[in-house]
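Close look at the chain arrangement
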Amino acid sequence: MTDMKALFAPFSLGSLELNNRIVMAPMTRSKSPGGIPGEPVVEYYRRRAANAVGLIITEGTTVDRPGASFDPAIPNFHNPESLDGWRKVVGAVHAAGGKIAPQLWHVGLARRPGTGPNPEAPSDSPSGILPNGKQVGEPMSAEDIADTIAAFARSAKAAAAIGFDAIELHGAHGYLLDQFFWDGMNRRDDRFGGGLEARTTIVQEIVKAVRAEIPAGLPLILRFSQWKQQDYSARLAGTPDELERFLAPLSDAGVDIFHASTRRFWIPEFEGSDLNLAGWTKKLSGKPAITVGSVGLNSDFLGSFMGEGSEKSSLDGLIERLEADEFDLVAVGRALINDPEWAAKVRDGRFDELSDFNAEKLKELV
């Protein structure tokens, strides 16, 4: 049996001190009516903190733009009632011995017209186009972009005031920030568009604005991905050199940790190397990296949306990569939805108590 010591080694960066390397991945649950995280959400996160999860990254929680959300039951991070709810979440997680970061989110053009808490609002996007080139809206104006940058900064300031231990920006999966990264949806001819480095400009400015509003030692995490919900085969970077060109300006702007989102953590990112996306990210940026993608399970998340389960799988390959220092932290998604005690069971060697993922668990907060 593989020794789990590497997974339960402490990790520290700035003011963040973790007991182990397990991160609860951000997973949308849509269980916050009116955008307010209530007692079921408080207890949902508390249970994971009480069962050996080192760092919880919350489900995506939206910033203060009218079109930032596509579901009124997704929590927001700007209304006073919602911030009070998050304050209770933080208190419960800390009382249970855990650490927590909010994932600040804007869905962009992933939002269908007429949805969300402000159905009358237009959907923000870099160019108002879908990946197939179809024009479905207007590009964001310079004023819209400035307001979005300010909205992220306000939410980050509130997170620091509430007592969160880190902050994550959602720059992955084809949502707004990723839409700016991706040439499939960013056809702008101003400074927010153009080549790969130029397409990172809005996120550079968000990072700088956030850093100006939070304590210097509070870690700022950026989640990014190659794949998009609009195109699972999409890639921001086809080579290590392109990935380095993408990461460098974001790192220089003030990102402390990169959360490299993949669907299966064991898949090599580029030919000629076994390194996955997190491994390459750490190697090229010199910054800590979080790996994610079907940890503890044998198939990716796509089937779960169609009611498919997934069999549990060995952690041996994950531990080998962690011991080799390919990445620093390991984000766990569906396995932690399935079982709030997953991390504690792994820590204690109770592998026979681990179970297959049941997609029915997505329907409730367990």
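The structure under discussion appears in the preceding block.
The rules behind each value
- Residues numbered from 1 in each chain as written.
- Predicted model: local features only at pLDDT ≥ 70, side-chain atom pairs only at ≥ 80, totals over all residues.
- Heavy atoms only, no water.
- Helix = DSSP H or I, 4+ residues; strand = E, 2+ residues; numbered from the N terminus.
- Rg over C-alpha atoms; globule rule 2.2 N^0.38 Å.
- Contact = heavy atoms within 4.5 Å.
- Areas by Shrake-Rupley, 256 points an atom, 1.4 Å probe, with all protein chains shown as cover.
- Lys, Arg positive; Asp, Glu negative; His and termini not counted.
- Charge placed at Lys NZ, Arg CZ, Asp CG, Glu CD.
- Salt bridge = Lys/Arg side-chain N within 4 Å of Asp/Glu carboxyl O.
- Buried < 20%, exposed > 50% of the residue type's maximum accessible area, 1.4 Å probe, protein only.
- Pairing = 2+ DSSP bridges.
- Axes fitted to C-alpha atoms, helices over the stretch in contact; angles between N-to-C directions.
- Phe/Tyr/Trp six-rings, centres within 6.5 Å; stacked < 30°, edge-to-face > 60°.
- Lys NZ or Arg CZ within 6 Å of the ring centre and 35° of its normal.
- Core = buried A, V, L, I, M, F, W, Y, C linked by side-chain atoms within 4.5 Å.
- Expected span 1.5 Å × (residues − 1).
- Arc of directions from axis to C-beta.

Quick look at the overall build of the protein chain
Summing up its helical and strand segments, the protein chain has 10 helices and 10 strands in all. Expected size for 366 residues packed as a compact globule is a radius of gyration near 21 Å; at 19 Å, the protein chain falls within 12% of this value. The principal-axis extent of the C-alpha atoms belonging to the protein chain is close to 55 × 50 × 45 Å. Sequence-distant contacts in the protein chain: of pairs separated by 6 or more residues, those separated by 24 or more amount to 74%. Of the roughly 14,100 Å² of accessible surface on the protein chain, a fraction of 49% belongs to carbon and sulfur atoms. Each charge class in the protein chain was averaged separately, 39 positive and 50 negative side chains, and the resulting centres sit 2 Å apart.

A few points about the pattern of salt bridges
The full count for this structure, using the stated rule, is 22 salt bridges. Between E360 and K363 there is a salt bridge, with the nearest N and O atoms lying 3.1 Å from each other. Given a relative accessible area of 57%, K363 falls into the exposed group. Bridged by salt links that share partners, the residues R65, D124, D144 and D147 form one connected network.

What about the sheet that holds strand β4 (residues 55-62)?
Taken together, the 8 strands give a closed barrel; going around it, the order is β3-β4-β5-β6-β7-β8-β9-β10, and neighbouring strands pair in parallel fashion. Direction aside, the axes of adjacent strands within the sheet are offset by 25° on average. Relative to β4, strand β3 (residues 22-24) runs parallel, the two being bridged by 2 bridges. Its bridge partner lying in β4, M24 is registered against I56. The sheet contacts of helix α6 (residues 240-253) involve β7 (220-228) and β8 (257-261), and relative to β7 the element is tilted by about 155°.

Looking at the packing of aromatic side chains
Going through the model one piece at a time under the given rule, you end up with 14 aromatic pairs. Look at F224 and F246: their rings are 5.5 Å apart centre to centre, the planes differ by 50°, and that puts the pair in the tilted class. Highlighted residues: F224 in strand β7 and F246 in helix α6, separated in sequence by 22 residues. Judged by its relative accessible area of 1%, F224 falls in the buried class. By way of ring pairs, the aromatic residues Y44, Y45, F77, W86 and F164 are connected into one cluster. Above the ring of Y232, the side-chain terminus of R263 is found at 4.9 Å from the ring centroid. For the cation-ring pair, R334 lies above F357, with the distance from its terminal atom to the ring centre recorded as 5.5 Å.

Some details on the nonpolar core
The biggest cluster of nonpolar side chains holds 94 residues, and the ones touching the most others in it are L7, Y45, F77, L243, F246 and W342. Once residues lying within four places of it in the same chain are set aside, the contact partners of L243 are F224, A237, F270, L277, W280, T281 and L284. Of all hydrophobic cores here, the second largest spans 15 residues; its members include F11, L18, A25 and I57.

Observations regarding helix α1 (residues 39-50)
Along an α-helix, residues three or four apart share an orientation, since each turn contains 3.6 residues. Its 12 residues place the ends of α1 16 Å apart at the C-alpha level, agreeing with the 16 Å of an ideal helix rising 1.5 Å per residue. Among the residues of α1, those classed as buried are V41, V42, Y44, Y45, R48 and A49. Each buried residue of α1 sits inside an arc of 160° when the element is viewed along its axis, so together they form one side. Looking at the packing, one finds that the buried side of α1 touches β3, β4, α2 (80-95) and α9 (334-338). Where α1 terminates, the next one or two residues include A52, which has phi positive at roughly 80°.

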